[in-house]
Protein chains: 2
Amino acid sequence: MLSSVKENPLYKIVNPESIAFFGASNNVSAMGTTILNSLRALDFEGAIYPVHPHETEVQGLKAYQSVLDVPEIPDLAVMVLPTKIVCETMKACGERGIKHAIVISGGFKESGGDGVNLEKRLIEIANRYGIRFIGPNCLGVTNPHHKLNTTFLRYESPPGYIGMASQSGSFVTQVFNYLSQYRLGFSTAFSVGNEADIDIVDCMEYLGSCSHTRVIALYVEGIRRGREFIETARSIIPEKPIVAYYVGGSETGKKAVFSHTGAMAGPDRLYDGVFRQSGVIRANSVTELFDFCWVLGNLPEPGGRKVVIQTHSGGPGAEAADICGRIGLELPDFSDETTSKLSAFVPHTGSIQNPVDITFSKNWMDFFSGIPKALLEEENTDILLMYFLMPSEMVEQSMALMGMSKEKIETESKKFIKMCCDAISGILKEHNKPLVGFTYRSFRDHFIQELLSRGVPIFPGPERAARAIKALTRYYELREEIVKAGRQRD
Amino acid sequence: MLSSVKENPLYKIVNPESIAFFGASNNVSAMGTTILNSLRALDFEGAIYPVHPHETEVQGLKAYQSVLDVPEIPDLAVMVLPTKIVCETMKACGERGIKHAIVISGGFKESGGDGVNLEKRLIEIANRYGIRFIGPNCLGVTNPHHKLNTTFLRYESPPGYIGMASQSGSFVTQVFNYLSQYRLGFSTAFSVGNEADIDIVDCMEYLGSCSHTRVIALYVEGIRRGREFIETARSIIPEKPIVAYYVGGSETGKKAVFSHTGAMAGPDRLYDGVFRQSGVIRANSVTELFDFCWVLGNLPEPGGRKVVIQTHSGGPGAEAADICGRIGLELPDFSDETTSKLSAFVPHTGSIQNPVDITFSKNWMDFFSGIPKALLEEENTDILLMYFLMPSEMVEQSMALMGMSKEKIETESKKFIKMCCDAISGILKEHNKPLVGFTYRSFRDHFIQELLSRGVPIFPGPERAARAIKALTRYYELREEIVKAGRQRD
């Protein structure tokens, strides 16, 4: 059983009502100032108390010379300070009664030498005062549902459903823009840094109980608490999927990891085993990590691995079929009933076999209503994979050629595209089966944007789409194993 | 030896001075009209003679009731006609002395039944009059260097260097927009259709001798002239690379191909062998096909497989290192000299090993000049793989915080980004080594656009970048084998 999220020790770190902020100043080029500004850019609604030895005001906020002067006990301390004053600041926070901290400052264990001892001292102080903290040497956290972002980059998406715990801060901050391209967002994301106190397993546990989080993404350079990782994951998997990208499995990855965080990465097979046993889906890149999260967090459970491909062009259909087959997805045949339904929509130049290829000669609306309806009604369809292409300029051009005025075209072409997309989402609501799309169009394309806004995951090319579908089916297979094993134990 | 391009029988098909156009009308929804319009949209400079049984004018152009009435012998006939009148039209073209045609009309061999005989008749007529033709059942050709586009979609990029021969018309037309996102373009692209006369081998031969074509892309559903394919490819490889995506190798791909073009696809291993023997690089998707073309057509020859990674963030560096290692690229160590040069730029929080990680604490310009210079001077560097991230809004934000006026920021931030990009391209000119980039930013990003415009291939994530680098190194290995074998034969 997952515990209530508010009881979780990390709750106040990502849902603070008030923050003591150390390291921001009126020097605009200081990292602390940048982070304070990105926190405010997301319109954080709680109180922010900048603590600064000399200033009475920092970035327009009243500043306090000491944390002891702050008028209430802040829920959270954020430290972006020179290494040498972090320990004394942690102590002062403890004395003020603060119980949660994020230490962004580096120069600890990851630097070796004195840093190792300094980190030990930091842990001792925190333990003495009962402070739970993230870091040191991290890039902070973001919880857009709470308008919280303590990283140096602006959060760009609406609040989302991907919970992230990352042993690289870059894959929290530097993917804000990446995710926004796909209209994806974080529920809550942690850059765990050196994991001196709170580690990736703690974050996983928090995200497991967080109701905004529908899927958990992990970027892993090394897991220290292997048994706890497996147990925690197994307790989460029955309720939500976990996807992990592990980077230390190759020789080159291992070396890079060591120079990045000093973690001793383990052999690839060991991690394969750990993930397998945990029910965690393994991704092979950061791109896959978020691709998998997209479909897992957004689509209903497929009945199995049987993929039906719908296209209006033979090439993309053949490519999708080829790739699906290569990675172990099945392309089912159709019942006679479905075949006869399809015959009404597909001309003889097209194909009513899987992939279903309408070709270019028929009514566009069939592609968005009659055909997907028939395909989703087909018992053999577990997942529908559709090729999307409808250049706005082509729609507009056709309308112009029909003699429509420029003003009319603008509204009519948008209306037409909206009608197609509404048709698709209407049918999806009736049938609880997953739809995945692929395209070679730019994601700026109006049609693609309309589909994305209706929650249809669309990938640039069928390769990523097929791998994501595979991950989707894999999760439910693994979940079943874990649930079964749980029942047998009971 | 490759023959002169002007002697090639396909030359006039993609470089016509005049075109007889069959199938365009004043009915704006007719496919022929759409194609005529996209031909004119690219500002084709030759003469266009629409032939139409009733109209005296088609889309504002003087129309001719018969091709016999056209005032000169057109270099090319384009037919977008009902199946049943294609043969008689071909005959009329022959009588007028036309020697080249593109038959877009379908309903021939691919439809089975009567279509098979109709295609035989079409070939007989063409042979009788010495007409070489593309199709039937194709989507046309494009040669943007000659402002020619006989497909139904608008060509979107500047003239490029990728020569394409495709057994799916979609992968000519429907990638116009795709390529433009990466600032890539076609030199000449053929949709070969049923290959009744001109086939994919003929197109390869043409593209081999075409000076605008620096790399050849093939989309293959089935090769009929295997020996000629191998011989032609081997004659081209010493001068330019060929990349092929073969879709019929899996069971699912094979079935899809059969229902798409009726081609009988062969086993995967057979094609692997054919490509291997031909010196052709095999891609596993359309995305890879163009990724590989991008680096092969645009980058100098690398000395070998040794990749040096440059980053300012540990995570992306570790990911790149892991992926490079997994696919068989090497990450070399540096000489003492390089290490000492790097020490001057990289703070102790960073890494002067491979991946070189400057971290966030230093002067940005070092990242674009001092460090890549040192890395390209290093003897062990065959290829430089760089992580790119510089959000315009961050640059602008820093400038705003420094108190710059809004007007000044606009010009200064662009100037700063330009300076960084110029620095990189300056260094690349001095050192004849390939640079490949990757990013998680949107390709709309100003910085990414500036890099692309300087010819730096940039991939979304290191996975595609690494696979493209592998293809780049593979070509030169295969080329050496072929050149050696040629020498031994002599």
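Residues numbered from 1 in each chain as written. Chains lettered and ligands numbered in written order. Predicted model: local features only at pLDDT ≥ 70, side-chain atom pairs only at ≥ 80, totals over all residues. Heavy atoms only, no water.

Talk me through the overall build of chain A; I want residue IDs and the actual numbers.
The secondary structure content of chain A amounts to 19 helices and 19 strands. A compact globule built from 490 residues would reach a C-alpha radius of gyration of about 23 Å, and chain A, at 26 Å, matches this within 12%. Considered along the principal axes of its C-alpha atoms, chain A spans approximately 80 × 60 × 40 Å. Among the 490 residues that make up chain A, the fraction classed as buried is 61%. Residue pairs at least 24 apart in sequence account for 73% of intrachain contacts in chain A once pairs closer than 6 positions are excluded. Within the structure as shown, chain A displays about 18300 Å² of accessible surface, and the carbon and sulfur contribution to it stands at 49%. Across chain A, the 51 positively charged side chains and the 57 negatively charged ones have centroids separated by 2 Å. (Helix = DSSP H or I, 4+ residues; strand = E, 2+ residues; numbered from the N terminus. Rg over C-alpha atoms; globule rule 2.2 N^0.38 Å. Buried < 20%, exposed > 50% of the residue type's maximum accessible area, 1.4 Å probe, protein only. Contact = heavy atoms within 4.5 Å. Areas by Shrake-Rupley, 256 points an atom, 1.4 Å probe, with all protein chains shown as cover. Lys, Arg positive; Asp, Glu negative; His and termini not counted. Charge placed at Lys NZ, Arg CZ, Asp CG, Glu CD.)

Outline the sheet that holds strand E10 (residues 162-166) of chain B, listing residues and values.
Residue and element names in this part refer to chain B. Read across the sheet, seven strands follow the order E9-E8-E11-E10-E12-E13-E14 without closing on themselves; strand pairing throughout is mixed. At either margin of the open sheet sits one strand with a lone partner, and together these are strand E9 (148-149) and strand E14 (281-283). With two bridges joining them, strand E8 (residues 141-143) and E9 adopt antiparallel strand pairing. Residue pairing for E9: Asn143 is matched across the bridge by Leu148. The strands touched by helix H7 (residues 200-209) are E10, strand E11 (186-191), strand E12 (215-220) and strand E13 (242-246); relative to E12, the strand with the most contacts, the crossing angle is about 170°. (Pairing = 2+ DSSP bridges. Axes fitted to C-alpha atoms, helices over the stretch in contact; angles between N-to-C directions.)

So what's going on with the packing of H7(B) against helix H8 (residues 226-236) of chain B? Which residues, and what values?
Residues and elements named next belong to chain B. Interhelical geometry of H7 versus H8 gives an angle of 10° and a closest axis separation of 10 Å. As far as their axial angle goes, H8 and H7 are roughly parallel. For the pair H7 and H8, the contacting residues are Val201, Met204, Glu205 and Gly208 in the first and Glu228, Phe229, Thr232, Ala233 and Ile236 in the second. Here the residues of the contact of H7 with H8 are counted per class, giving five nonpolar, two polar and two charged. (Parallel < 35°, antiparallel > 145°, perpendicular 65-115°, else oblique. Nonpolar A, V, L, I, M, F, W, Y, C, P; charged D, E, K, R; others polar.)

Please provide a residue-by-residue account of the pairing of strand E10 (residues 162-166) of chain A, values included.
All names here are of chain A. Counting buried residues in E10 gives five out of five residues, a clear majority hidden from the surface. Because side chains alternate across E10, one face comprises the buried residues Ile162, Met164 and Ser166, and the other comprises Gly163 and Ala165, equally buried. By the bridge criterion, four bridges tie E10 to strand E11 (residues 186-191) in an arrangement that is parallel. When the sheet's bridge partners are listed, Ala165 is paired in E11 with Phe190. Bridge count between E10 and strand E12 (residues 215-220): five bridges; the pairing is parallel. Considered in E12, the bridge of Ser166 is made with Tyr219.

A description of the pairing of strand E1 (residues 18-22) of chain A should follow, citing residues and the corresponding values.
The side chains of a regular strand alternate between both faces of the sheet. All names here are of chain A. A large share of E1 lies buried, amounting to five of its five residues. Burial along E1 is two-sided: the residues Ser18, Ala20 and Phe22 and Ile19 and Phe21 are all buried. Taken together, the five bridges between E1 and strand E2 (residues 47-51) define a ladder with parallel strand orientation. Looking at E2, one finds that Ser18 is bridged to Ala47. The parallel pair E1 and E2, bridged by helix H2 (residues 31-41), forms a crossover whose chirality is right-handed. (Right-handed = clockwise from strand over helix to strand, strands pointing away.)

I'd like to hear about the interface of chain A and chain B, residue by residue, with values.
Often the size quoted for an interface is simply the accessible area lost on bringing the parts together. Opposite the 68 residues of chain A that make contact, chain B presents 68 residues. The interface formed by chain A and chain B contains eight salt bridges. As a salt-bridge pair, B:Arg467 and A:Glu463 come within 3.1 Å of each other at their nearest N and O atoms. Where chain A touches chain B, the interface holds 26 residue pairs in polar contact (both at pLDDT 80 or more). No other element matches the 10 residues that helix H12 (residues 314-326) of chain A contributes to the side of chain A that touches chain B. (Salt bridge = Lys/Arg side-chain N within 4 Å of Asp/Glu carboxyl O. Polar contact = N/O pair within 3.5 Å; in protein donor to acceptor, adjacent residues only side chain to side chain.)

Run through the sheet that holds strand E9 (residues 148-149) of chain A, naming residues and quoting values.
Taken together, the seven strands give an open sheet; going across it, the order is E9-E8-E11-E10-E12-E13-E14 (chain A), and neighbouring strands pair in mixed fashion. Of all strands in the sheet, those with a lone pairing partner are E9 and strand E14 (281-283) of chain A, marking the two edges.

Break down the packing of aromatic side chains for me, with residues and values.
Residue and element names in this part refer to chain B. Counted under the stated rule, the structure contains 44 aromatic pairs over all chains. Here the aromatic rings of Tyr155 and Phe176 are separated by 5.2 Å at their centres, their planes lie at 75°, and the arrangement is edge-to-face. Of this pair, Tyr155 sits in the loop between E9 and E10 while Phe176 is found in helix H6 (residues 176-181), placing the two residues 21 residues apart along the sequence. For the pair Tyr155 and Phe176, one class covers both residues: buried. (Phe/Tyr/Trp six-rings, centres within 6.5 Å; stacked < 30°, edge-to-face > 60°.)

Any chance you could break down unusual backbone geometry for me, citing the residues and the numbers?
Residues A:Asn354 and A:Pro355 are joined by a peptide bond in cis, for which omega reads 0°. Following the sequence through the fold, A:Pro355 ends up in the loop between helix H13 (336-343) and strand E16 (356-357). Even without being a glycine, B:Gln59 presents a positive backbone phi close to 50°. For B:Gln59, the location among the structural elements is in the loop between strand E3 (57-58) and strand E4 (61-62). In this structure, B:Lys147 takes a positive phi of about 55° despite not being glycine. If you trace the backbone, B:Lys147 turns up in the loop between E8 and E9.

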